[in-house]
Amino acid sequence: MKPREQNSALSVSVLFLSRFLTALAVVVPLWGCSSPRDNAWDEFSRWHDGAHAQAQAGSLSWSDLYKQSFDRLTALPSSYQQDRRLENTVLLLSAARKFESNEISAQQFALQRNDIETQLQARLH
C-alpha cells in the first residue's frame, strides 16, 4: 500500500472509530437502566412482598405493615399508582386495626383484605 493510500485508510478508520465510540458513549449508560421512578416502585414492591409474608406468618402485625406501607408510599414520586395504593392502604389499615382490636374476626379481615387488594389490582390494570 502506498503512503497516500495508508493515510486515507487511516483517516477512514479513525473517523469510523470516533463515531463508533461516540455512539457507544451515548448508548452504554442507557443499557439496563430504568427510570428512578421504576426503581423506587421495584424497591417498594420487594419490601412489600417481604413484609406481607411476615404479616401472614405473624411476625409483623397487619397494622404495622400498613403503617409502614403508608410511610413508604408517601415517599414515592406522585402518580396515579401512588394515589390508589395510598387510598387502599388507609382502608387496609382501618380493617387491620378492627381485626387487632377484635371488632372483626380473622375471616372477616381476610375477606376485607382480599376485596380491597382485588379492587386495587383492577384499578391499576
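Each remark here, short or long, concerns the structure printed above.
Participant: Quick one: what's the story with the overall build of the chain, residue by residue and with numbers?
Facilitator: From N to C terminus, the chain includes 5 helices and 0 strands. Put simply, the chain has 125 residues, and 25% of those count as buried. Of all intrachain contacts in the chain linking residues separated by at least 6 positions in sequence, the fraction that spans at least 24 positions is 58%. Total accessible area on the chain is roughly 8,800 Å²; 56% of this is exposed by carbon and sulfur atoms.

Participant: Provide a residue-level description of the layout of surface pockets, including the pertinent values.
Facilitator: In this structure, the largest pocket encloses a volume near 240 Å³. At the level of secondary structure, the elements contributing two or more residues to the lining of the largest pocket comprise α2 (36-57), α3 (62-74), α4 (80-100) and α5 (106-124). When the residues that make up the lining of the largest pocket are grouped by side-chain class, the tally is 5 nonpolar, 7 polar and 3 charged.

Participant: Explain the nonpolar core to me, and be specific about the residues and the numbers.
Facilitator: In terms of nonpolar packing, the biggest core is built from 19 residues, with Phe44, Trp62, Leu65, Tyr66, Leu73 and Phe109 touching the most fellow members. If you list the elements that add at least two residues to this core, you get α2, α3, α4 and α5. For Tyr66, the residues in contact, after removing those within four places along its chain, are Thr89, Leu92, Leu93, Ala96, Phe109, Arg113 and Glu117.

Participant: Hey, could you go over the packing of α3 against α4 for me, with residue numbers and the actual values?
Facilitator: Across the interface, α3 lies against α4 with an axial gap of 8 Å and an inter-helix angle of 160 degrees. Judged on the interaxial angle alone, α4 and α3 are roughly antiparallel. Here α3 runs over α4; the crossing is left-handed. Here α3 contributes Trp62, Ser63, Tyr66, Lys67, Ser69, Phe70, Leu73 and Thr74 to the contact with α4, which in turn contributes Gln82, Arg85, Leu86, Thr89, Val90, Leu92, Leu93, Ala96, Arg97, Phe99 and Glu100. Of the residues assigned to the contact of α3 with α4, the class counts are 10 nonpolar, 5 polar and 4 charged.

Participant: Would you mind going over the packing of α4 against α5 in detail, with residue names and values included?
Facilitator: How two helices sit against one another is set out by the angle between their axes and by the gap between those axes. Across the interface, α4 lies against α5 with an axial gap of 10 Å and an inter-helix angle of 175 degrees. Taken together, α4 and α5 sit at an angle that is classed as roughly antiparallel. Residues Tyr80, Gln81, Arg84, Arg85, Glu87, Asn88, Leu91, Leu92, Ala95, Ala96 and Phe99 of α4 lie in contact with α5, whose contacting residues are Ala106, Phe109, Gln112, Arg113, Ile116, Glu117, Leu120, Gln121, Arg123 and Leu124. Its residues assigned to classes, the contact of α4 with α5 comprises 11 nonpolar, 4 polar and 6 charged.

Participant: Explain the pattern of salt bridges to me, and be specific about the residues and the numbers.
Facilitator: Pairing of side chains with opposite charge becomes possible as their charged atoms draw close. Enumeration according to the criterion identifies 3 salt bridges in this entry. In this structure, Arg84 and Glu87 form a salt bridge, with 3.2 Å as the shortest nitrogen-oxygen distance. Pair noted here: Arg84 and Glu87 are both in helix α4, with a separation of 3 residues, about one helical turn. Since its relative accessible area comes to 17%, Arg84 is described here as buried. Here Arg123 and Glu87 are joined by a salt bridge, their closest N and O atoms 3.2 Å apart. With Arg123 in helix α5 and Glu87 in helix α4, this residue pair connects regions lying 36 residues apart in the sequence. Beyond isolated ion pairs, a larger network of salt bridges with shared partners links Arg84, Glu87 and Arg123.

Rules used throughout
What you see as residue numbers is a count from 1 along each chain, following the sequence as written. Given that the model is predicted, a residue must reach a pLDDT of at least 70 before its local features are reported, and side-chain atom pairs must reach 80 or more before they are shown or counted; all residues, however, enter totals for whole chains, interfaces and linings. Only heavy atoms go into the side-chain values, all of them from the structure, while hydrogens and water stay out. Think of it this way: any DSSP run of H or I at least four residues long counts as a helix, any run of E at least two long counts as a strand, and we number them from the N terminus. To sort residues, take the accessible area from a 1.4 Å probe on protein chains only and compare it with the maximum for the residue type: under 20% means buried, over 50% means exposed, and anything in between is partly exposed. Here a residue-residue contact requires only that any non-hydrogen atoms of the pair lie within 4.5 Å. In these tables, accessible area is a Shrake-Rupley quantity obtained with a 1.4 Å probe, and a residue counts as shielded only by the protein chains included in the view. Two kinds of site are reported from a 1 Å grid over the protein atoms alone, namely cavities, where a 1.4 Å probe fits but cannot get out, and pockets, open sets with protein on both sides within 12 Å along at least five of seven lines, and residues are called lining when an atom falls within 4 Å of a point. Grid points are joined across faces, edges and corners, and a volume is the space filled by probe spheres set on the points. Residues are grouped as follows: Ala, Val, Leu, Ile, Met, Phe, Trp, Tyr, Cys and Pro are nonpolar; Asp, Glu, Lys and Arg are charged; all remaining types, including Gly, are polar. Definition of nonpolar core: a set of buried residues of the types Ala, Val, Leu, Ile, Met, Phe, Trp, Tyr and Cys, connected through side-chain atoms within 4.5 Å. Between N-to-C directions, angles cover 0 to 180 degrees, with each direction set by a line fitted to C-alpha atoms, over the stretch in contact for helices. These descriptions rest on fixed angle ranges, namely under 35 degrees for roughly parallel, over 145 for roughly antiparallel, 65 to 115 for roughly perpendicular, and the rest for oblique. In this scheme, a crossing is called left-handed if the near helix is turned counterclockwise away from the far one by less than a right angle; it is called right-handed if the turn is clockwise. What makes a salt bridge here is a side-chain nitrogen of Lys or Arg within 4 Å of a carboxyl oxygen of Asp or Glu, nothing more.

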